[in-house]
Amino acid sequence: MTKAALNMADGVRRFGRATPGAVAVREGDRELTFAALDERSNRLATALLGRGLRPGEPVAVLSTNTMEFFEIATALAKAGLPMVPLNPKNTVPDNEYIIGHSAARAVIVHAPLAENLAGLTDRLDLVLEFGPGAGEAGEDYEAFLAAADPADPRVPVDEEAPFAIAYTSGTTGRPKGVLLTHRGRVLTAYGTAIEYGLGPGRRTIAVAPMYLGAGFSFAYAGPQLGGTTTVLPSWDPELFLHLLARDRIQSSFLVPTHAQHIRRLTEEPRSEYDLSALETLYFNAAALPVALKEWVAGAFPGVGI
């Protein structure tokens, strides 16, 4: 019996059919249903392949946390194009090195960050810009999608092929590219679902930067597993608490610094915000100090930590 290969886009494909009208991603007052996420990622995938990119060729992505990040990642998975996420705080030389080392021929950039690619775009085969000011340093992303075929390209992708090439910080030398396979990333999402209560109809929030492995994995796992992810564009403890209440968030991934910032804002978040839907806060990237953990347990009573 032949097993089905695991692919990072398959969750969106399935829920695009099963729950097309459900909200997959929410950012501010914008929403993207599963049907729209599936179709828009199809359009981007087919358009990228139509411009001569071949499966296996990396595509760099320079973006803060945005709704578009989800459809870009899904499209690249459908097309078999490994994603090379770039740190929005990278300098131009940083990006020049990573783009060159990964051999990326194309970049998709959130337009407000285009200056971080100054002098590099002329060397690339394709530059797509989305967001405010799009089309000045590259092709307009929305026009690119509008002209594309909405059919799923259905490119055969080996589950051991890289879904992403994540570059390390380079604190002990040049950044090094780490290959993250489709299989490994999908299994991480399944583990997240089991441990932290993600799945169909569940609501989570993208807090940590999505260019990072954990930030992306925990954010993308929402729609990948049939739930909804609210996007926090950048860290703001007051906006975070507001969104927890507004969107009835059930689980969130944080790092200890986030908890420290929330505590500085308010010692008693539950007295100021309706957090009755919140079930789980999970911390990673650093140890949660005992005193801070005790505060979190008291400030969010009944929430699993």
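Above this text you will find the structure in question.
In this text the structure is predicted, and so the values were computed from the model without any measurement.

Taken residue by residue, a regular strand's side chains alternate between the two faces of the sheet. Counting buried positions along strand S8 (residues 162-167) gives 5 out of 6 residues, so the element sits mostly inside the fold. Bridge count for S8 against strand S9 (residues 177-181) is 5 bridges, and the pairing is antiparallel. The residue of S9 that forms the bridge with proline 162 is threonine 181.

What follows covers the side chain of threonine 46. When you line up the elements, threonine 46 lands in helix H2 (residues 34-50). Of the polar contacts made by the side chain of threonine 46, one reaches the backbone oxygen of arginine 43; its length is 3.1 Å. When residues no more than four places from it in sequence are discounted, the contact partners of threonine 46 are Ala148, Asp149, Ala151 and Pro153.

On to the nonpolar core, then. Generally speaking, soluble globular proteins have nonpolar side chains that are buried together. Ranked by internal contacts, the top residues of the largest apolar core, which has 48 residues, are Leu44, Leu48, Met83 and Phe216. A per-element tally of this core places helix H3 (residues 67-79) first, with 9 residues. Leu232, Leu275, Leu281 and Val296 belong to the second largest nonpolar core, which has 24 residues in total.

Right, let's get into the pairing of strand S11 (residues 228-231). A two-sided burial pattern is seen for S11, the buried positions comprising Thr228 and Thr230 on one face and Thr229 and Val231 on the other. Where strand S1 (residues 23-27) meets S11, 2 bridges bridge the pair, whose relative direction is parallel. In the strand pairing of S11, arginine 26 is matched with threonine 230. Note on the crossover from strand S10 (residues 203-206) through helix H7 (residues 213-224) to S11: the handedness is right-handed.

Evaluation of the coordinates by the stated rule reveals 20 salt bridges. A salt bridge links aspartate 10 to arginine 13; the shortest N-O distance between them is 2.7 Å. Here aspartate 10 and its partner arginine 13 are both found in helix H1 (residues 10-18), 3 residues apart, which amounts to about one turn of the helix. Each member of the pair, aspartate 10 as well as arginine 13, carries the same accessibility label: buried.

Okay, H2 next. Taking 1.5 Å as the rise per residue, H2 with 17 residues should run 24 Å; its terminal C-alpha atoms sit 24 Å apart, in good agreement. Residues of H2 that are buried include every one of Phe34, Leu37, Asp38, Ser41, Asn42, Arg43, Leu44, Ala45, Thr46, Ala47 and Leu48, and no others. Phi turns positive, to about 100 degrees, at glycine 52, one or two residues after H2.

The pairing of strands in a sheet happens through backbone hydrogen bonds and is either parallel or antiparallel. Read across the open sheet, the 6 strands follow the order S2-S1-S11-S10-S12-S13; overall the sheet is mixed. Each having just a single partner strand, strand S2 (30-33) and strand S13 (280-283) make up the two edges of the open sheet. Looking at each pair of strands side by side, their axes are set apart by 20 degrees on average, direction ignored. Two elements, S10 and S11, share 4 bridges in a ladder whose sense is parallel.

So, on to the environment of alanine 189. Structurally, alanine 189 can be placed in helix H6 (residues 182-196). In this structure alanine 189 comes out as buried when scored by relative accessible area, which is 0%. Taking C-alpha positions, alanine 189 is 12 Å from glycine 215, a pair spaced 26 residues apart along the chain. Apart from residues lying up to four places away in sequence, alanine 189 is in contact with Ala221, Gln224 and Leu225.

Relative to the helices and strands, alanine 77 is located in helix H3. A relative accessible area of 1% means that alanine 77 is categorised as buried. Between the alpha carbons of alanine 77 and alanine 208 there is a distance of 22 Å; along the sequence they are 131 residues apart. Once residues lying within four places of it in the same chain are set aside, the contact partners of alanine 77 are Asn7, Met8, Ala9, Val157, Phe163 and His182.

Let us look at the environment of glutamate 57. With respect to the helices and strands, the residue glutamate 57 is situated in the loop between H2 and strand S3 (59-62). Spatially, the C-alpha atoms of glutamate 57 and proline 82 are 6.5 Å apart, while their sequence positions differ by 25 residues. Beyond its immediate sequence surroundings of up to four residues, glutamate 57 is in contact with Gly52, Leu81, Pro82 and Arg105.

Glancing now at the packing of H3 against H7. The geometry of H3 relative to H7 is characterised by a closest axis approach of 11 Å and an angle of 85 degrees between their N-to-C directions. Classified by the angle between their axes, H3 and H7 sit roughly perpendicular to one another. Residues Phe69, Phe70, Ala73 and Thr74 of H3 form the contact with H7, whose own contacting residues are Phe216, Ala219, Tyr220 and Pro223. Counted by class, the contact of H3 with H7 contains 7 nonpolar, 1 polar and no charged residues.

Definitions and cut-offs
- Residues numbered from 1 in each chain as written.
- Predicted model: local features only at pLDDT ≥ 70, side-chain atom pairs only at ≥ 80, totals over all residues.
- Heavy atoms only, no water.
- Buried < 20%, exposed > 50% of the residue type's maximum accessible area, 1.4 Å probe, protein only.
- Helix = DSSP H or I, 4+ residues; strand = E, 2+ residues; numbered from the N terminus.
- Pairing = 2+ DSSP bridges.
- Polar contact = N/O pair within 3.5 Å; in protein donor to acceptor, adjacent residues only side chain to side chain.
- Contact = heavy atoms within 4.5 Å.
- Core = buried A, V, L, I, M, F, W, Y, C linked by side-chain atoms within 4.5 Å.
- Right-handed = clockwise from strand over helix to strand, strands pointing away.
- Salt bridge = Lys/Arg side-chain N within 4 Å of Asp/Glu carboxyl O.
- Expected span 1.5 Å × (residues − 1).
- Axes fitted to C-alpha atoms, helices over the stretch in contact; angles between N-to-C directions.
- Parallel < 35°, antiparallel > 145°, perpendicular 65-115°, else oblique.
- Nonpolar A, V, L, I, M, F, W, Y, C, P; charged D, E, K, R; others polar.

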